[in-house]
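# Analysis of the macromolecular model
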Amino acid sequence: MKANSPFTRDVRRIRGIVVGCLLAASGSTVALAQSSVTATPAVTLDLTIVQVVQDAEQNYPAIHVSEQDLNAAVANIRLARTAYLPRLDGIVEINRATRNNVFGTLLPQSTLPSMSGPVIGTNNAGSVWGSAAGLLINWQPFDFGFRNAKVEAAAAARDRANASVQRSQLEVSSAAADAFLTVLAARQIQNSAQAAVDNWEILRKSIHALTAAELRPGADESRVEAEKAAANTQLALATEAVEMGEATLAKFLSKPDDITKPLNSEHLLGEFPMGVEDDGVFHPESTPAMLEQHAAVSQSASELRATDRSWVPQFNLEAAGYGRGTGAATNGQRLNGANGLAPTVGNYAVGLNVTFGFLDFANIHAREASQAATLKAEQSRETLVGRQLQEQFSQARAALRAMRGIAKNTPIQVEAARTALAQATARYKAGLTSIDDVAQTQRLLVQAEMDDSIARLNVWRAFLQLQSVRGDLQSFLRAAQ
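This write-up is about the structure you can find in this document. (Residues numbered from 1 in each chain as written. Predicted model: local features only at pLDDT ≥ 70, side-chain atom pairs only at ≥ 80, totals over all residues. Heavy atoms only, no water.)

## Things to note about the nonpolar core
Applicable threshold: Residues belong to a common nonpolar core when they are buried Ala, Val, Leu, Ile, Met, Phe, Trp, Tyr or Cys residues joined through side-chain atoms within 4.5 Å. Relative accessibility decides the category of a residue: with a 1.4 Å probe and only protein chains considered, values under 20% of the type maximum give buried, values over 50% give exposed, and everything between is partly exposed. Working definition: helices are DSSP H or I runs of at least four residues, strands are E runs of at least two. Numbering for both runs from the N terminus. In what follows, a contact means two residues having at least one pair of non-hydrogen atoms within 4.5 Å.
Core analysis: the largest hydrophobic core is formed by 69 residues, its most contacted members being Ile-49, Phe-252, Leu-268, Trp-460 and Phe-476. For this core, the secondary-structure elements that each account for two or more residues are α2 (49-59), α4 (146-212), α5 (218-250), α6 (266-269), α8 (361-429), α9 (435-470) and α10 (474-480). With 18 residues, the top contributor of residues to this core is α4. Leave out the neighbours within four places in its chain, and Ile-49 touches Ala-177, Phe-180, Leu-181, Phe-476 and Ala-480. Counting residues in each nonpolar core, the second largest holds 5 residues, with Val-414, Leu-421, Leu-445 and Ala-448 among its members.

## Structural notes on the packing of aromatic side chains
Heads up, the condition is: Ring geometry is summarised as follows: Phe, Tyr and Trp rings, the Trp one being its six-membered ring, pair when their centres sit within 6.5 Å, and such pairs are stacked at plane angles under 30 degrees, edge-to-face over 60 and tilted between the two. Should the NZ of a Lys or the CZ of an Arg lie within 6 Å of a ring centre and within 35 degrees of the ring normal, that charge is described as sitting over the ring.
Scanning all chains against the criterion turns up 10 aromatic pairs. Measuring from ring centre to ring centre gives 5.5 Å for Trp-311 and Phe-356, while their planes differ by 35°; the resulting arrangement is tilted. Note that Trp-311 is positioned in the loop between α7 (288-308) and β3 (314-326) and Phe-356 in the loop between β4 (345-355) and α8, a separation of 45 residues in sequence. For Trp-311, a relative accessible area of 35% corresponds to the partly exposed category. When its relative accessible area of 27% is taken as the criterion, Phe-356 is described as partly exposed. Taken together, a centroid distance of 6.0 Å and an interplanar angle of 80° make the contact between Trp-460 and Phe-476 edge-to-face. Here Trp-460, found in helix α9, pairs with Phe-476, found in helix α10; they are 16 residues apart in sequence, far enough to count as distant. Given the relative accessible area of 0%, Phe-476 is considered buried. Geometry around Trp-129 places Arg-96 over its ring, the cationic atom sitting 5.1 Å from the centre.

Next comes the structure, spelled out in structure tokens:
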């Protein structure tokens, strides 16, 4: 998937808000609690990541645009092949015109009507009827490969459009799946933030009673009030991230109201499937991006061949059958009535027409130079795309390894944080420590629980990016369903 793809920019922006919320959790978090505060309540699993991806692939407008571009490219192949067909032109003409004719020559032009017949030596304004009807068939028996090169260029354009459809489908599918994971992460943070607010309120009431009984100093209650206010701020940021993420996810759904359904998160929030391993094999030439660029090179090469074969003689077999009628006699006299309205005098002709533009070489040479430069640019771009894909693949593999390592470590972090909180709570109840120690250990616990849930989602996101670079999301969808 391209780094600057319009489908990824919105998701990246929402993901930044989610990460900001996660970082903010290190400065303000929840209250005294012995058990996990990020446990997601059981919900009815409805909207799955596979459904979102399939919906986007079938209904997202950008894919329909690329599909119609492909249809146009297919039609252009048929258009290029019509050049092999003979051309048949017909004409029927009736006119009323004067019959004056003179000796002399006119240069080729398209303004003055032509005149046939003898010079009658007068300048008479009298007019007569004239008519003509005929057919001309023209066929080019050979063209030194020009038409074939144009057909090949159209076929390469079709291949390029087909690869563009595949690339659009990949980008949309990847962006839709990433948006699903982003919303899921944002909702997890929102759940944690809400639990934080609730737990701080419980602790505030408890300490308020102890303060009223003069068993704890008033500063403890003030501290808890400050922590609760910070938790409310965290909740507001988390809610913003959820709403913005849902807005991005909704655009990939044919029914935007489906965004209100619960997300199927049980599988994604669990352990990453151990059987899903990366074999390290990457074939960039089979990715949609590389196929599209390879087709662009083929198209430019075919256009260059067509240009190279355009400075050749043009051979045309021609056959014509026609008739003419006139209301003027050979001695210049005008015939009466409807004479000339029908083409009563017939002729036919068959022959070979050979034309060659001797001075077109300068134009052809300039076009060849331009097309050759375009071909070299496309070839260099193909090499660049291959290197960029290899870079993205290596980075995605590194990210997947790192995320899997983090996901294995965060449960240890959570367990240690829970133990520290239990010990700090016991010391606080015994009057051996201050509320600051309890708040600090509570922050560590909530941060660890957030890190744990986000780490598992980040493994899926890294695996998604790796398969996106490969050009096929089927492995990801099979593992995620």
